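Now for the letters of each chain:
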Amino acid sequence: MIVLDGKKIAQEIKKEISEEVKTLIAQGKPAPHLVAILVGNDGASETYVGHKEKDCKEVGFRSTVLRFSDSVSQEELLLEINKLNTDSDVTGLIVQLPLPAHISEEKIIESINPDKDVDGFHPVNVGRMVTGLPTFVSATPDGIIELLKKYSIETSGKNCVVLGRSNIVGRPMANLLSQKAYPGDCTVTVCHSRTRNIKEICAQADIIIAALGSPEFVTADMVKEGAVVIDVGITRVKADNKNGFRLTGDVKFDEVSVKTSYITPVPGGVGPMTRVALLKNTLKAAKLSKSQF
Ligand code: L34
């Protein structure tokens, strides 16, 4: 069994990105600038955005976090996004999810300029991804693809089971793995809350991508000997330590890992790869941006 070291791979890719940033700057171009909108005080979102800020600094990007209280109106957010959409000093723009219930995530995502949508959530970019056109692929699926590639994991003709059908992970992941590409060329099954015989379906899988947000859902009896298991879940579960919680994946790591050929840990697996995929998209946006060239 090999533990896929997302943290290490992300570090290597960050080094490559920082070299590219140095080249841009040597050419007299501005450093890429990522703006993140953060609404409310969700502890996990604070942590993730904090990490993203630090990552930007590490590779030489500029970054700005715009904070709003959870009582902010949808109109106010839309106005801010409109300003950023046309601000030539802003390369990439993300709105950290989830948003408070009174704000429509769809409306917010649709309002982002697709050329700055480095999360790859805008329908234009999702459509381009689905049809196999160059685009910003959403960060978590892109990070997983990169991880499979770095470890040269065979995917062609494999049975892949994706657990979860969210717009930001399950659906794009299923689509990418079914595309004619490497990594890809899989036969993909998407399971969700209404799926029957989920255990039996998982037990047939060569590759399992667990993205339900349900702690330790995947148990050893659901996993075939030699399977590849990618754990996207990262739930804060109450614990008796200084934080008051521990991070728990969607996979029962101890009992599942011994059956697998490759498995991602939580933390240190998919999370750091998600963040580095965002950096790659922001660099791509900078290179494509007309206003900066
Ligand atoms: N708009 N919203 C938008 N874009 C995204 O790409 C995200 N996502 C998801 C939640 N909402 C979003 C993230 O950024 C999940 N996510 C994310 C980002 C980073 C990490 C995990 C999830 C991460 O850094 N994980 C670390 C541990 C972090 C910790 O200490 O809590 C890890 O090693 O897994």
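Use the structure listed above.
Residues numbered from 1 in each chain as written. Predicted model: local features only at pLDDT ≥ 70, side-chain atom pairs only at ≥ 80, totals over all residues. Heavy atoms only, no water.

Participant: Could you give an account of the overall build of the protein chain, with specific residues and numbers?
Facilitator: Helices and strands together make up the secondary structure of the protein chain, namely ten helices and eleven strands. Taken against the 2.2 N^0.38 rule, which gives 19 Å for 293 residues, the C-alpha radius of gyration of the protein chain at 19 Å falls within 12% of a compact globule. Based on the C-alpha atoms only, the size of the protein chain along its principal axes is roughly 55 × 40 × 40 Å. Taking contacts inside the protein chain between residues at least 6 apart in sequence as the whole, the part at least 24 apart equals 71%. For the protein chain, the accessible area works out to roughly 14,000 Å², and carbon and sulfur atoms hold 52% of it. (Helix = DSSP H or I, 4+ residues; strand = E, 2+ residues; numbered from the N terminus. Rg over C-alpha atoms; globule rule 2.2 N^0.38 Å. Contact = heavy atoms within 4.5 Å. Areas by Shrake-Rupley, 256 points an atom, 1.4 Å probe, with all protein chains shown as cover.)

Participant: Give me the lowdown on the environment of Val276, citing residues and values where you can.
Facilitator: Its location among the elements puts Val276 in helix H10 (residues 270-288). For the pair formed by Val276 and Ser261, sequence separation is 15 residues and the distance between their alpha carbons is 24 Å. In this structure Val276 touches Ala10, Ile13, Lys14 and Ile17, once residues within four positions along its chain are discounted.

Participant: Describe in detail the pattern of salt bridges, supporting the description with residues and values.
Facilitator: Per the stated rule, a full pass over the model turns up 13 salt bridges. Lys14 is the salt-bridge partner of Glu58, the closest N and O atoms lying 3.3 Å from each other. With Glu58 in helix H2 (residues 43-59) and Lys14 in helix H1 (residues 6-26), this pair connects stretches of sequence that are 44 residues apart. Taking the relative accessible area as the measure of exposure, Glu58 reaches 40% and is therefore partly exposed. The shortest N-O distance in the salt bridge between Glu146 and Lys280 comes to 2.7 Å. Within this pair, whereas Glu146 is found in helix H6 (residues 139-150), its partner Lys280 is found in helix H10, the two being separated by 134 residues in sequence. Overall, the relative accessible area of 14% leaves Glu146 in the buried class. Given the relative accessible area of 25%, Lys280 is considered partly exposed. The structure contains a network of salt bridges with shared partners spanning Lys14, Asp55, Glu58 and Arg275. (Salt bridge = Lys/Arg side-chain N within 4 Å of Asp/Glu carboxyl O. Buried < 20%, exposed > 50% of the residue type's maximum accessible area, 1.4 Å probe, protein only.)

Participant: Can you break down the pairing of strand E2 (residues 33-39) residue by residue, with the values?
Facilitator: For E2, the buried fraction is high: seven of the seven residues fall into the buried class. Across the two faces of E2 the burial is the same, with His33, Val35, Ile37 and Val39 and Leu34, Ala36 and Leu38 all buried. As paired elements, E2 and strand E3 (residues 62-68) share seven bridges and run parallel to each other. The residue bridging Leu34 from the neighbouring strand is Ser63, located in E3. (Pairing = 2+ DSSP bridges.)

Participant: If you had to explain the site of the ligand to someone new, which residues and values would you point to?
Facilitator: The local shell around the ligand holds 16 residues, among which Lys52, Val95, Asp119, Gly268 and Arg275 are the closest. In isolation the ligand has 680 Å² of accessible area, and contact with the protein removes 85% of it. Those elements that provide at least two residues to the shell around the ligand are H2 and H10. In terms of residue count, H2 provides more of the shell around the ligand than any other element does, four residues in total. (Near = heavy atom within 4 Å.)

Participant: Kindly report on the sheet that holds strand E11 (residues 262-263), identifying the contributing residues and their values.
Facilitator: Spatial strand order, E1-E11-E8-E7-E5-E6: six strands in an open sheet with parallel pairing. Unpaired on one side and paired on the other, strand E1 (2-3) and strand E6 (187-191) mark the two borders of the sheet. Those strands touched by helix H7 (residues 170-178) are strand E5 (159-163), E6 and strand E7 (207-210), and its axis lies near 165° from that of E6. (Axes fitted to C-alpha atoms, helices over the stretch in contact; angles between N-to-C directions.)

Participant: Explain unusual backbone geometry residue by residue, including any values.
Facilitator: Going from Tyr182 to Pro183, the amide bond is cis rather than trans, its omega being -15°. Residue Pro267 follows Val266 across a cis peptide bond; omega there is -5°. Among the secondary structure elements, Pro267 is positioned in the loop between E11 and H10. Non-glycine residue Ser152 carries a positive phi angle of around 50°. By the element assignment, Ser152 lies in the loop between H6 and E5. Classification of Ser152 by relative accessible area gives exposed; the value is 58%.

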